[in-house]
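Here is what each chain is made of, one letter per residue.
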Amino acid sequence: MAMAVLVESMTKTYSIGPSTITALDHVSLSFPVGSFTAVMGPSGSGKSTLLQCAAGLDRPNSGRVSIGEVELSGLGETALTRLRRDRVGFVFQSFNLMPSLTAAQNVELPLRLAGRKVDQQAILAALATVGLADRATHRPSELSGGQQQRVAIARALVTSPQVLFADEPTGALDTKTSRDVLDLLRAMVTERGQTVIMVTHDPMAAASADRVIFLADGRIADTVESPTAEAVAAHMTRLEVSAC
Amino acid sequence: MLTLALATVRTRLATFAGTFAALALGVSVIATMTLVLAAASGGNPHQRPERFAAVPYVIQVDPDLQVRDRYGSVDSVPLLAQPDVPASVVTQLPGVLPDRSFYAQVEGVPAAQPALGHGWSSAAFAPYVLTSGHAPSADDEIVVAGPATVGSRVSVVTAGGSRTYTIAGTVRPRTGEQPIFFTDAEAARLSPGVDALVTYDAATASRAAGLPGAHLQVLTGADRHEADPGAVQDATELTGLTTFLGVAAMLSAFVAITVTATAFGLSVAQRRRDLALLRSLGATPKQVMRTICAEAALVGAGGSAVGCLLGLVWAPQLASWIVRQGLAPSWFSVYFSTGSVLALAIAFLAGVAVAVLSVLVAAFRAGTIRPTDALREAAVEPKRIGRFRLLGGLVAACCGVAALAAVALIFRSAATDPKTAAEIVIVLIGGTALLSPFLLRSLTRPFGRGTAGMLLRANIVTGARRAAAVIVPVLITAGLAMSILGVNDTANAAANAGQHQQAADADFVVLPAGTPGLTTALLERLHSVSGVEATAVTDTSMLAYQPRITSLNLQSPIPLPVTAIGLDEPSAALNLKVIAGSLTGLDDQTIAVDSSWNEHVGDTMDIWRPDGTSVSLKVIAVVAASLSGPSLIVDQHNAGTAMPDRAYVKTDSADSDAALLAAVRSEDARVVPVSAWSAAVNDQQAKQNQVGLELLLGIAIAYSAIGIASTLLMSASGRRSELSLLHKTGATRRQIVWIVAAESLVLTVLGIVLSAVVSCLVLGGLYLALAGSVSVVLPWPLVGAILAGCVVIAVLASTLPAWFQLRPRPGVVEV
């Protein structure tokens, strides 16, 4: 099976003052094309770091990351940026949108940055997919948190990326909006064969994925296929108990 | 990228308002200065010949000295007085008419315009039209301009003394002079030198121009105005004004650029999160740089346009202020010409350039932001706050200290020159401003006691760039005020001391009353009074190759004007510290110099008189060099045709006093005791320098004050979320405002401390240069007022926005 993202023996450390913190310790993972993977773990387990390094937003200290068949470690900053532009979509937990631009302008921003022609119909279609076609001319300050998140997803998908990375996309949303966002992601994977890698805290969100990977202390602790919410919750509790 | 830039500017108007205002004001200041400078360099656009309007060709000696320098090329040095036409030239040109101008004034009639005497043939050149009576037929007859009684006898004063004449006729007055016409023979007797030749014949004119070795210039058309009496003075005044404006422009530009650059740098730093998000969305470092530069160019263009418009409004007002203060001729004004368009273009481009250049470094840094910073709270700024800034600051500081040491120890005479002082101050303040973020940690140590102090210190040290942005305008305002006011007042004191020293041995000073100088007749009477020793002094300048570096004795490439005095007879009344040789025997073959020339008694010096005649003089004495004293002492005949300005008199008894008073009263002069004269000299010097200083400093300081306010307002808007978080955590509004006030107070005090260090360095250098002859003077009340102003502005500009920001607003959720 073709790999959308391949991570081999990745290590990432941070130095804070005199001490060094190991966020990721020789982690190896593969994410098949068209899969929906959730990454979970207690705080400090390194899941956000894993996501950022896999997406090319940060560089690991050692190890290799490949998106498709392109290896990231040999690329310079500008080349890395171009690669991300063309192949990666990223949704943050908060502060996703440029405050000075409208929703439509935010959605078309990656295309403009890449210098590609912008089709206004495609932009409106992307906003319609997330149910916000009527809010195209509103600025982020005029949208609710959930609406901002949905615009961010529309933006992440408009370039048809190989992989969509999402860091706690439903963290700040109410139950109904979370459900809508997760259903949207699920639909992308099922109908369009999009590869989605999502970091989350919420067992309900993880239940939408094909597979859940548990991280603890910078290493892979467990993997669960075809998860249910209860199984995920049980695993999480076990991990947190054993960590104490 | 441009759309993004436009959108950002539109929605974040508050952020850009600060930088926009700073830039607009800065450009307006630069535009005002350059417009007035352009007018000053352009000369009088409305010039029309006055005295020579009726003759087509005026022949004069070239007012520039042509000198062949060391490298073989010819340089021209402007002469200090118009040279006479040599008699040999007159004989070679048949068919020319001579024109003479010399000081001549009817006694008791004040002259609003220059009072000049001419031969009657000169009347036809303007032309002056007889309105009554007839032309002078005898040598004791004159014709005057304006209403006068024909046939009345009046006393006319000239450089030689006064004589009685009969008014034979009157002419209609013209602007530019108040003339008295004598017969040609009497004019030749009173002033043998011919100032200009006039001819109606083109062939003679071209012969004159081509005469070898005579350096004649032929003036036609509008150029004939150069021969008018006011022209030379006007030109000198304007040259002085241009120099002075150049210094003012330099200071203003420095202040404007620094404040604007700080504001722009701060605005980029405040938007790190936006820029990090852009990077994470796929903007390459170059694209981020282009966005920021595009924004800066937009704000720059807008601000520059507004600034240029403001400059157009303020420049004419500045010009009329300059005329009112007597720093420029009365016709001086800002007019529109290619020069003024060029000036505005320069100001506009400077504004845009400053905007783009100040963000360039910040933009480069922003381009290299890791996208992951979008996720982290960028509360702590990156450690390496610009190695370039550190390097630049060190280089500037070292250059400034080196230049200061050079002036203090070697080039002593430059210590009181305002241009040199301004340059050194600018470099030192600039270096300190660049280094300020690195000094914060050690500077804030004394404030770090107790919980509040610890919080204060931590806040300042982690937000070093923001803190530096507040310190820099304070540093400039206080530093400029203390250094330049100190240098100026000390220079004044030194100049006064020099004047007083000359008169130290005298009892009285004889000064002219109603005439531009002391007449020869008066001086003869003065010397004839028994029991009195007197020396008449003429302040003048001569041209000489000045020795540059004393130990190496190199010479300047072209001759430069050097202050000199001309004496009629050295005596005990004049106090000059003679180190070698003696002043007796000073005549038109000899000269005395001060020790900075490195000449010895017996050496020969080649110098030029004010009118360009070259003379070779033997050194007979060396006097002690002093900053304010003349560096050359010559006999009166070598000092030019100007009349002596004053005479120092020493009397040996009360009888001599009485005889002196009688002698002086009979001529147009007055006697003052030395102490009264010293006091009067003080006042006059102080007044002259004060005017220029008001201009120089006023603009710079006003702009700095605005810089303080705008920087603080901008940084206040950037701290809104931090302050509201404090508010929610439980701090009351008043507590927060106190914290903010304390922080800006500490930062202002730090700025003042740094500026005090710079000023001490500068004034210390000045003290060394003066070699203890005068102690350093600082106008404490004015300085205190400026410092207090800085503190008040800083505290208000930071606390008022905080107070309004923390107003309870219903129903808004702060993100």
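Look a little higher up for the structure.
Note that the structure is a prediction, hence the values are computed from the model and not measured.

**Student:** Explain the sheet that holds strand β1 (residues 57-61) of chain B to me, please; I cannot follow it from the model alone.
**Tutor:** Sheets are built from strands that pair by backbone hydrogen bonding, the pairs being arranged parallel or antiparallel. All names here are of chain B. Ordered by their spatial adjacency, 4 strands build an open sheet running β4-β12-β1-β13, and the pairing between neighbours is antiparallel. Each end of this open sheet is capped by a strand with a single partner; those strands are β4 (97-99) and β13 (216-219). Between one strand and the next, the sheet's axes are offset by a mean angle of 30°, whatever the strand orientation. Running at roughly 145° to β13, helix α5 (residues 202-210) makes contact with β1, β12 (196-199) and β13 of the sheet.

**Student:** What is the right way to look at the interface of chain B and chain A in this model?
**Tutor:** Accessible area lost upon the coming together of the parts serves often as the stated size of an interface. Listed as interface residues are 24 residues of chain B and, on the opposing side, 24 residues of chain A. Put simply, chain B and chain A have 0 salt bridges between them. The tally of links from chain B across to chain A stands at 5 residue pairs in polar contact (both at pLDDT 80 or more). A per-class count over the side of chain B that touches chain A returns 10 nonpolar, 8 polar and 6 charged.

**Student:** Help me out: how do you make sense of the packing of helix α5 (residues 145-157) of chain A against helix α6 (residues 175-192) of chain A in this one?
**Tutor:** The geometry of a pair of packed helices is captured by two quantities: the angle between their axes and the separation between those axes. Residue and element names in this part refer to chain A. Close contact between α5 and α6 brings their axes to 10 Å; oriented N to C, the two are set at 10°. In terms of their interaxial angle, α5 and α6 are classed as roughly parallel. Residue-level contacts link G146, R150, I153 and L157 of α5 to T177, V181, L184 and M188 of α6. By residue class, the composition of the contact of α5 with α6 is 5 nonpolar, 2 polar and 1 charged.

**Student:** Even after reading the chapter, I still don't get a nonpolar patch on the surface, so can you show me in this structure?
**Tutor:** Taken together, the side chains of B:V401, B:F447, B:L745, B:V749, B:V753, B:V757 and B:L761 present a nonpolar region at the surface, about 510 Å² in accessible area. The dominant element in the nonpolar patch, judged by the number of residues it contributes, is helix α18 (residues 733-770) of chain B, at 5 residues.

**Student:** Where do I start with the environment of B:A159 in this structure?
**Tutor:** Residues and elements named next belong to chain B. Take A159: it is sitting in the loop between β9 (153-158) and β10 (162-171). On the basis of relative accessible area, A159 is assigned to the partly exposed category, the value being 33%. When the C-alpha atoms of A159 and A642 are compared, they prove to be 8.6 Å apart, with 483 residues separating the residues in sequence. In contact with A159, not counting residues within four places along its chain, are Y103, T519, T520 and M643.

Parameters and conventions
Residues numbered from 1 in each chain as written. Chains lettered and ligands numbered in written order. Predicted model: local features only at pLDDT ≥ 70, side-chain atom pairs only at ≥ 80, totals over all residues. Heavy atoms only, no water. Pairing = 2+ DSSP bridges. Helix = DSSP H or I, 4+ residues; strand = E, 2+ residues; numbered from the N terminus. Axes fitted to C-alpha atoms, helices over the stretch in contact; angles between N-to-C directions. Contact = heavy atoms within 4.5 Å. Salt bridge = Lys/Arg side-chain N within 4 Å of Asp/Glu carboxyl O. Polar contact = N/O pair within 3.5 Å; in protein donor to acceptor, adjacent residues only side chain to side chain. Nonpolar A, V, L, I, M, F, W, Y, C, P; charged D, E, K, R; others polar. Parallel < 35°, antiparallel > 145°, perpendicular 65-115°, else oblique. Patch = residues over 30% accessible without salt bridge, like charges linked within 9 Å, V, L, I, M, F, W, Y side chains within 5 Å. Areas by Shrake-Rupley, 256 points an atom, 1.4 Å probe, with all protein chains shown as cover. Buried < 20%, exposed > 50% of the residue type's maximum accessible area, 1.4 Å probe, protein only.

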